[in-house]
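Residues per chain, in single letters:
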Amino acid sequence: MNEHIAPSAALPSAAAAPIPAPALRPVRSAALFAMGALGLAGAAWLLRAVWEVRLAVAGEPASGPPDQGGGTHRALNSLEDSYHFVNTAGGFAALLCAGAFIGWMWRIRDNGRALSGVRPRYSGIWVYLGWIVPVVNLWFPRGIIADAYLASTPGAPGARVPRSLNVWWGLWLVTMVGGVGLIYTDSTDEIIGRAYDDVWQLLTADAAVVGAAVAGIFMVRAVTAVQEKAAG
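Residues numbered from 1 in each chain as written. Predicted model: local features only at pLDDT ≥ 70, side-chain atom pairs only at ≥ 80, totals over all residues. Heavy atoms only, no water.

1. Description of the environment of Ser164
Okay, so step 1: For Ser164, the position within the fold is in helix α5 (residues 163-177).
Okay, so step 2: With 58 residues separating them along the chain, Ser164 and Ala222 place their C-alpha atoms 8.2 Å apart.
Okay, so step 3: There is a polar contact of 3.4 Å between the side chain of Ser164 and the backbone nitrogen of Met219. (Helix = DSSP H or I, 4+ residues; strand = E, 2+ residues; numbered from the N terminus. Polar contact = N/O pair within 3.5 Å; in protein donor to acceptor, adjacent residues only side chain to side chain.)

Shown next, in the form of structure tokens:
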């Protein structure tokens, strides 16, 4: 998954025509915000994992799972009720992280264009839509970040993306296609039922989310550092 830059070709040939580049945008504050939000999201999912372990240890009540099927839900006990709170807090942390991360992506994309003088391979709308359009969401977000990084080192032969970028993206794909973790369709009551029946699947997904958050912090730091260095 490593990209390389030849000395004379920093970006794909289809985007080789020089264009007027925008001024460099300050990126440090956006990076700090993104890293903080990633840390918060990782902590939220770690807390969620702790609650899932507590549910598994407590065991399913004799009355069965909260979701009884057929649209029927029994009253929650205190532990189950607190998991709802933890899960909701995690959802807010994820939304904050998404906003902060996309804001950082937008800045590094613009800065890559300013530093290289070359039009980015992906148009600006993909900074947003690249996360939600099926199929292309499997590589567009990573491609935008990789291109911004490589465009920030136009004179460095053999430059390659930071390893943290590939680790972060690999773990993100696990959370996205695994059906659990950050991207899931089950209700909170259904997740509680899964914690009683098969907690290891949930914990594996939670570990992927936490790992992606940690790798994301290192990745944001690496990409930001190369842009700040190029800007002088």
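Still to come is the rest of the account.
2. Overview of helix α7 (residues 199-231)
Okay, so step 1: The end-to-end C-alpha distance of α7, which contains 33 residues, comes to 48 Å, matching closely the 48 Å that a straight helix rising 1.5 Å per residue would cover.
Okay, so step 2: Among the residues trailing α7, Gly232 stands out with phi positive, at a value near 75°. (Expected span 1.5 Å × (residues − 1).)

3. Considering the environment of Trp126
Okay, so step 1: For Trp126, the location among the structural elements is in helix α3 (residues 126-129).
Okay, so step 2: Using a relative accessible area of 24% as the deciding quantity, one classes Trp126 as partly exposed.
Okay, so step 3: Once the C-alpha coordinates of Trp126 and Val136 are considered, the two residues, ten residues apart in sequence, prove to be 9.5 Å apart. (Buried < 20%, exposed > 50% of the residue type's maximum accessible area, 1.4 Å probe, protein only.)

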